[in-house]
Amino acid sequence: MEAYFDNAATTAVYPEVRDLMVKLMTEDYGNPSSLHMKGVDAEKYIKNAASQIAKEIKCQEKELVFTSGGTESNNLAIIGGAMAKRRAGKHIITTNIEHASVSATMDFLSKEGYDITYIGVDSTGHVKLDELKCALREDTILVSVMYVNNEIGTIQPIADIAAIIKSYNDKILFHVDAVQAFGKLRFSVKKLGVDMLSMSGHKIHGPKGSGALYIKDKTLVRPIIYGGGQQKEMRSGTENVPAIAGMGLATELIYKEHEKKIEYINMLKDRFISGVTKYEDVFDNSGEAPHIASISFVGIRSEVMLHALEDKGIYVSAGSACSSNKPHISNVLKAIDMPDDRLESTLRFSFIETNTVEQVDYAIEVIGELLPFLRRYIRK
Amino acid sequence: MNYKMFLIKYAEIGTKGKNRYVFEEVMCKRMRARLKPLGQFEVRREYGRIFVEAFSDYDYEEVMQVLGTVFGIVGICPVCVVENVDYDSISKAVVEYVGGEYKNKDFTFKVQTRRNNKAFPKSSMDMNCDLGADLLAAYPEMKVDVHKPEVMIDVEIRNVVYIYSKIIPGPGGLPVGTNGKGMTLLSGGIDSPVAAYMIAKRGVEIEAVYFHAPPYTSERAKQKVVDLARLVSQYAGVIKLNIINFTDVQLAIYDNCPHDELTIIMKRIMYRMAQELAIKNDCQCIITGESIGQVSSQTTQSLYVIDQAADKLPVFRPCIGLDKQEIIDISEKIGTYETSILPYEDCCTTFVAKHPVTKPKLSDIEESEKALEGKIEELYNKAMDTIEVIYCR
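No experiment lies behind these values; they were computed from the predicted model shown.

Helix-helix packing is characterised by the crossing angle of the two axes and by the distance between the axes. Residues and elements named next belong to chain A. Contact geometry of helix α9 (residues 258-276) with helix α13 (residues 357-376) gives a least axis separation of 10 Å together with a crossing angle of 20°. Classified by the interaxial angle, the pair formed by α9 and α13 is roughly parallel. Seen from above, α9 lies across α13 with right-handed handedness. In contact with Leu268, Arg271, Phe272, Gly275 and Val276 of α9, α13 contributes Val357, Val360, Ala363, Ile364 and Ile367.

Written out as structure tokens, the structure is:
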């Protein structure tokens, strides 16, 4: 049996999305900037995609910028926001559990003379709001906090954080990396009270190379890519029409009968967690997100367990997929003060609606068989 | 300036008596193969020299890089070719050549003419004097020094005329394929690709063996070894990479032998497997990247005990006396370093003990290995019967 439980890394594209994209690559392939009909048609697909996304996250179409993915969205929000605000100050606040596309961007800004404060999280992975309150300063210009953590699935209280920031100084920009929340949680950017919010297409059955950034109307952000002035100067470069349209359609599809889907995915996650934690020395570190289970198999290095599962057709991640080409102890797991014996032995299982109960039960059974074998052979 | 021709200099193979023809031909073949994707080239031997002539446009840097990977070449001289064989044309070409090649003309020089075409009216001595005089007239800053010139300007008169003065150093060594074949234990680290390179440089064809231990080592670790073999193959030619699934053997050692001797016993079995494979595939030696004292299994005591396992073939360890930094320097030069440092676990480190033996005794190890008797043979044979082969080029 094959069981792909690495859906927080990437997902299969919906067949409807694939078909639409093929059409846009072979028939309606015009450049949206062209003045003729083919150009106008292409532009319509972009408008349509914007409306599909705007409808789900409750914003205006003009508040969306399409990018090449979550990483670019985060870069644009943070660098673009910091540049636009640099006369007001150079202080930025973020957390110590962010994705590399945020933390590495912060490192860059730090070298450029910005002052970055990292706030910590408690043992469940939630941002310490008191620390945030203390960190806010007169010269704070930007706060960036992720919505759902990609490694353990903690959901941050974004609305509360927004309230804290805005009551201190409503000119401070608040950016949210929502890559793991988009399509998994239903939210309204207005109700959350955020200024910018990053999304990715390929985590929700859209194509890789697609993403979007919500920028609240009248918020000043400096572009980070220059050229022909597409997307109202915010992001130059011929729009990736197939990817944008694909992401739009994927957004519409994933939010269809959403509550039912999420309930089902959550059920798979709970079933899996209660199944594997019955085994000795297996611990659950998962947060509230419906689709992410973080499990520690004490005594087995995560990479060994990963490859042993792979051999049985079960695909998972050690830490997050993005950091797997640079094996190191995850800073997220360290931030939640995980005991040392679990740090090296934690895997992420992430689910979608096409996963089945049979797959989950199969994985539980396989893990039960692997544990005693793999635990017999360890470094002494 | 794009040269139409290159003169290939080789030193060591010139001394090999009757074998010289074979050595040259192997080297030419290798050059032809490496140059093929870069354009139309003819590699030919004439009057005991090797020339590369270009018949299409090419990228100079690319050609130099490729020729720099052919062992046997000690120097590459870019040659300016003059079609008209008369004194005025030659003189004009030499003056233009020197003008273009050397921006700063404050150097001593000597003209050295060779006259293969005896029909040419001027003697070599006269040519040297006259061309020297023409150069001095054109560039008064230049000075003649016939004993120790800084620049030697070679002029060869044949049915066309060749002018050259610069020698770009080649990799040296002997052409691969002129000195038998060796089985390299390739681990994915920094040392073993360097060892393969160093032995290939002496003309030895390279075959390799990698011990794969899933799930303890990953597909990416295996891919890394394939990538390393490909990089070495730039120098060594196609490398046949044998991948042995070592997991079951490794676990059997774990189950039956003292833990602090695990690495030594494991390496002894690897040596046995490599030797068996080497003999089967017509290799005359085993090649490893070991360097004295680098890790516990590379103390002289450990090396002695491990070495005893390969009782039929010599084990060549070209890195044995090099410091880590010296090995790194070579790996950077040959372009394997970046790949070698990718952090994937190899099977030698999977179960490595916290305190492995550093001064093993052969008798103790042999005693410990007795526990494997009757348990490992089947696993050993299965591993040897299920070898995966990848040709890396």
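All names here are of chain A. Where helix α2 (residues 37-57) meets helix α8 (residues 241-254), the closest approach of the two axes is 8 Å, and the angle between their N-to-C directions is 30°. By the criterion of interaxial angle, the relationship of α2 to α8 is roughly parallel. The handedness of the crossing between α2 and α8 is left-handed. Between α2 and α8, the contacting residues are Ala42, Tyr45, Ile46, Asn48, Ala49, Gln52, Ile53 and Glu56 on the first element and Val241, Ile244, Ala245, Met247, Gly248, Leu249, Thr251 and Glu252 on the second. Looking at the contact of α2 with α8 residue by residue, the classes come out as ten nonpolar, four polar and two charged.

On to unusual backbone geometry. Following Pro214(B), the chain continues to Pro215(B) via a peptide bond in cis, the omega torsion being 0°. Position of Pro215(B) relative to the elements: it lies in the loop between β11 (205-212) and α6 (219-236). Unlike most non-glycine residues, Gln231(A) shows phi in positive territory, near 50°. As for its placement among the helices and strands, Gln231(A) is situated in the loop between β8 (211-215) and α8. Gln231(A) sits in the partly exposed class, given 19 other C-beta atoms within 10 Å.

What follows deals with the interface of chain B and chain A. Counting residues at the interface gives twelve residues for chain B and nine residues for chain A. In terms of residue class, the side of chain B that touches chain A is built from nine nonpolar, two polar and one charged.

Conventions we followed
- Residues numbered from 1 in each chain as written.
- Chains lettered and ligands numbered in written order.
- Predicted model: local features only at pLDDT ≥ 70, side-chain atom pairs only at ≥ 80, totals over all residues.
- Axes fitted to C-alpha atoms, helices over the stretch in contact; angles between N-to-C directions.
- Helix = DSSP H or I, 4+ residues; strand = E, 2+ residues; numbered from the N terminus.
- Parallel < 35°, antiparallel > 145°, perpendicular 65-115°, else oblique.
- Left-handed = near helix turned anticlockwise from the far one by under 90°.
- Contact = placed C-beta atoms within 7 Å.
- Nonpolar A, V, L, I, M, F, W, Y, C, P; charged D, E, K, R; others polar.
- Buried ≥ 20, exposed ≤ 12 C-beta atoms within 10 Å, placed from the backbone.

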